[in-house]
Amino acid sequence: MVPTLKFAVFLLALFAFVDASSAEKDFVQCEKIVREWARSALEEEIEGDGHTLRDLLFFLHVPRTGGRTYFHCLVKKVYGAALECPRSYDKLRFDPRKPKCRLVATHDDYSIMSMLPREKTSVMTVLRHPVDRVFSAYEFSVEVASRFLVHPNLTSATELTKRIRAKHKGVSTLDIWPWKYLVPWMREDLFARRDARKMKGLSYVNSNDSYNVEEMAMPLHQFINEPVVLDTVHNGATFQVAGLTNNSYLAEAHDVRHCVQKFTILGEHVLQVAQKRLDNMLFVGLTEKHRESAKMFVNVVGPQVISQIVSDSSMEGLSKIKSVTEQNSLLSDSELDSNYHQDGTSDQKTTENVSTENLEGIKKNMTVEKIMEEYKACISPLRNSQSVRRANSLREISPANFSKEARLLVPEEVLQQIRSLNSLDLRLFKYAEGIYAKQNERMHELVTTEELKSVSSDSHGIRIWQATVLATCFAFFILLCVNARRRRSKLKI
């Protein structure tokens, strides 16, 4: 009996040694993979002034940060729809080569930069506190999935969805990362729970906790531990800015992401890359300061967009002049002589229209006050429509009605687990707050400089006016003196 026991202890010790040795080898291999990726990623970063707008602006839209509102009600107001690249959110058919393509907005991660002219592209993003973002991701997954519960069964819902998508050939929520993973998975779960209620004969469920109505929808505490959520939601902002989501264009993204998830200490390398990229971004906004971020964007980026559009318009004007000149070169000498002055006047007007009228028109429509007015007018109906749609969707799984008040009832244990699962995002958000503060200082410097220029311009105008008045008075005085001398001369004669 004793020898058998000793042998069992020996085997256990051997297995433990093998496991430890294997884990150590895995860590060494993972560390090599992550370090090599981080080194390459940092080397690819373009040196220079990231705060100067380049030819193309990439809005890296982190899910559930209010990016849709921010983009439609602000960024597109500044740029105009004509400059947006087509099919921005459609990864399979996205093409940035469209003429005048100046604005890209997508849930794709930073790796999409491999498809863009990196040295000519500026990047902006908006970040949100990770705990609130996880809440919102859970709520949106349930909300969108619950819309399918109007169908009698899962098969019917799936088939109808396929037919609608094939017919319209547009981009739906089910095509966009990460919802293309989360919504079908949640939809299947909701139908399974509804079938279970029918089998039990449950027609009504009463609960005071909207995030833990197990009979109606997957509870939040279960959601945050599911593999698909671990892979797409937790630390999602960090992985997205680093270009390492499961939607990445990088071949090594899967291995790097899973090494970091397995050995959390390796997350330092990913965080370092994400922070460096935030530093180099044109603009970083915060969901918690949505309106202030909007005003800051207009003040800091708006003037650069105006300059860029005016420059493009000027080039178009010069192109038109060149075209007219080339046409004139094909005319006979007599025709050229007779048309010279007329064409020259026409070309001059074209240039004036581009450089002055367009500039004044753009400046008039691009004031901070005007854009902020349009922003406020846009967000109100958009948010109202979103609220109505959410209420209609969640009606199918009542009493799971999500709200800020309901979030307060979630146990601290669950909140602490969310923080633990999003440790990288928490640190990245803290870092972003520091960047935001610096941007705010820079904005005030710009505004103060513009005000000083305005005052200086006004003062210059006042000085010119004063000098003109003095010169007029002096000339009038000289004239009086001359006239008086003439009258005295006549009297002597």
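No experiment lies behind these values; they were computed from the predicted model shown.

**Comments concerning the overall build of the protein**
Argument step 1. Counting its regular elements, the protein contains 17 helices and 4 strands.
Argument step 2. In the protein, which comprises 493 residues, the share counted as buried stands at 41%.
Argument step 3. Within the protein, counting contacts between residues at least 6 apart in sequence, those at least 24 apart form 80% of the total.
Argument step 4. When the accessible surface of the protein is split by element, carbon and sulfur atoms take 57% of a total near 27,900 Å².

**With respect to the packing of helix 2 (residues 67-79) against helix 14 (residues 368-394)**
Argument step 1. As a packed pair, helix 2 and helix 14 sit with axes 9 Å apart at the nearest point and diverge in direction by 150°. It follows that helix 2 is roughly antiparallel to helix 14 by the angle criterion. Helix 2 and helix 14 meet at a crossing whose hand is right-handed. Residues R68, T69, H72, C73, L74, K77 and V78 of helix 2 form the contact with helix 14, whose own contacting residues are I371, E374, Y375, C378, I379, L382, R383 and Q386.
Argument step 2. Looking at the contact of helix 2 with helix 14 residue by residue, the classes come out as 8 nonpolar, 3 polar and 4 charged.

**Some thoughts on the state of the cysteines**
Where two cysteines share a covalent bond between their sulfur atoms, that bond is called a disulfide.
Argument step 1. Under the criterion given, the structure shown has 3 disulfides.
Argument step 2. Between the sulfur of C30 and that of C259 lies a disulfide, 2.2 Å long from S to S. Taking the torsion about the sulfur-sulfur bond, which here is approximately -75°, the covalent link between C30 and C259 counts as left-handed. With a gap of 229 residues between them, C30 in helix 1 (residues 2-44) and C259 in helix 9 (residues 253-262) connect regions that are remote in the sequence.
Argument step 3. Note on cysteine connectivity: C73 is disulfide-linked to C378, with sulfurs 2.0 Å apart. As the torsion about the S-S bond is roughly -65°, the C73-C378 disulfide counts as left-handed. With C73 in helix 2 and C378 in helix 14, the pair connects residues that are 305 residues apart, well separated along the chain. Residues C73 and C378 agree in their burial class; the two are buried.

**Quick word on the confidence of the model for the protein**
The predicted coordinates should not be examined in detail at positions where pLDDT is low.
Argument step 1. Of all residues in the protein, 72% attain a pLDDT of 70 or more, and the chain-wide mean is 80.
Argument step 2. Contacts of residues 454-462 to residues separated by more than four positions or lying in other chains number 0 contacts, the stretch itself having pLDDT below 50.
Argument step 3. In this model, residues 488-493 is a region of pLDDT below 50 whose contacts with residues beyond four sequence positions or in other chains number 0 contacts.

**Re a positive patch on the surface**
Argument step 1. A cluster of like positive charges, contributed by R291, K295, K376, R383 and K404, occupies part of the molecular surface.
Argument step 2. Those elements giving two or more residues to the positive patch turn out to be helix 11 (290-300) and helix 14.
Argument step 3. Along the chain, K376 falls in helix 14.
Argument step 4. Judged by its relative accessible area of 43%, K376 is partly exposed.

**Observations concerning unusual backbone geometry**
Argument step 1. Between W177 and P178 the backbone carries a cis peptide bond, its omega angle lying at 0°.
Argument step 2. Along the chain, P178 turns up in the loop between helix 4 (154-168) and helix 5 (179-200).
Argument step 3. Note that the residue after S398, namely P399, is joined by a cis bond; omega there is 20°.
Argument step 4. Despite not being glycine, R64 has its phi angle at roughly 60°, a positive value.
Argument step 5. Tracing the backbone through its elements, the reader meets R64 in the loop between strand 1 (56-60) and helix 2.
Argument step 6. With a relative accessible area of 24%, R64 lands in the partly exposed category.

**Considering the pairing of strand 4 (residues 283-286)**
Argument step 1. The alternating pattern of strand 4 places F283 and G285 and V284 and L286 on opposite faces, both of which are buried.
Argument step 2. Of the pairings in the sheet, the one linking strand 3 (residues 121-127) to strand 4 comprises 4 bridges and is parallel in character. Bridging from a neighbouring strand, L127 pairs with L286 of strand 4.

**Quick notes on the nonpolar core**
Argument step 1. Counting residues in hydrophobic clusters, the biggest one holds 74 residues, and the most contacted among them are W37, Y70, L278 and F297.
Argument step 2. Aside from chain neighbours lying at most four places away, what touches L278 is T125, L127, V241, V284, L428, Y431, A432 and I435.
Argument step 3. Listed in part, the 39 residues of the second largest apolar core include V183, V213, M218 and I418.

**Digging into the packing of aromatic side chains**
Argument step 1. For the structure shown, the criterion picks out 12 aromatic pairs.
Argument step 2. Ring centres of F27 and F263 lie 5.3 Å apart, and the angle between their planes is 80°; on these two criteria the pair is classed as edge-to-face. Pair noted here: F27 is in helix 1 and F263 is in the loop between helix 9 and helix 10 (267-279), with a separation of 236 residues, a long-range link.
Argument step 3. When the centroid spacing of 6.3 Å and the interplanar angle of 70° are considered together, the rings of Y70 and F297 count as edge-to-face. In this pair, Y70 sits in helix 2 while F297 sits in helix 11, placing the two residues 227 residues apart along the sequence.
Argument step 4. For Y70, a relative accessible area of 1% translates into the label buried.
Argument step 5. Taken together, the aromatic side chains of F135, Y138, W185, Y211, F223 and F402 make up a single cluster linked through ring pairs.

**With respect to the sheet that holds strand 2 (residues 103-106)**
Argument step 1. Across the sheet, which stays open at both edges, the 4 strands sit in the order 2-1-3-4 with parallel pairing between neighbours. Every other strand in the sheet has two partners, leaving strand 2 and strand 4 as the edge strands with one partner each. Adjacent strand axes in the sheet meet at a mean angle of 15°, parallel and antiparallel pairs treated alike.
Argument step 2. Relative to strand 3, strand 1 runs parallel, the two sharing 5 bridges. Within strand 3, the residue paired with F59 across the bridge is M124.
Argument step 3. Strands in contact with helix 2 are strand 1, strand 2, strand 3 and strand 4; relative to strand 2, the strand with the most contacts, it is inclined by about 175°.

**Description of empty space enclosed by the protein**
Argument step 1. Following the criterion strictly, the structure yields 3 cavities of 30 Å³ or more and no others.
Argument step 2. In this model, the largest cavity occupies a volume close to 130 Å³.
Argument step 3. Together, 14 residues line the largest cavity, and E45, R54, Y110, T121 and N280 are the ones closest to its centre.
Argument step 4. Grouping the constituent residues of the lining of the largest cavity by class yields 5 nonpolar, 4 polar and 5 charged.

Calculation rules
- Residues numbered from 1 in each chain as written.
- Predicted model: local features only at pLDDT ≥ 70, side-chain atom pairs only at ≥ 80, totals over all residues.
- Heavy atoms only, no water.
- Helix = DSSP H or I, 4+ residues; strand = E, 2+ residues; numbered from the N terminus.
- Buried < 20%, exposed > 50% of the residue type's maximum accessible area, 1.4 Å probe, protein only.
- Contact = heavy atoms within 4.5 Å.
- Areas by Shrake-Rupley, 256 points an atom, 1.4 Å probe, with all protein chains shown as cover.
- Axes fitted to C-alpha atoms, helices over the stretch in contact; angles between N-to-C directions.
- Parallel < 35°, antiparallel > 145°, perpendicular 65-115°, else oblique.
- Left-handed = near helix turned anticlockwise from the far one by under 90°.
- Nonpolar A, V, L, I, M, F, W, Y, C, P; charged D, E, K, R; others polar.
- Disulfide = S-S within 2.5 Å.
- pLDDT = per-residue confidence, 0-100.
- Patch = residues over 30% accessible without salt bridge, like charges linked within 9 Å, V, L, I, M, F, W, Y side chains within 5 Å.
- Salt bridge = Lys/Arg side-chain N within 4 Å of Asp/Glu carboxyl O.
- Lys, Arg positive; Asp, Glu negative; His and termini not counted.
- Charge placed at Lys NZ, Arg CZ, Asp CG, Glu CD.
- Pairing = 2+ DSSP bridges.
- Core = buried A, V, L, I, M, F, W, Y, C linked by side-chain atoms within 4.5 Å.
- Phe/Tyr/Trp six-rings, centres within 6.5 Å; stacked < 30°, edge-to-face > 60°.
- 1 Å grid on protein atoms, 1.4 Å probe; cavity = no way out; pocket = protein on both sides within 12 Å on 5 of 7 lines; lining within 4 Å.
- Points joined across faces, edges and corners; volume = space filled by probe spheres on them.

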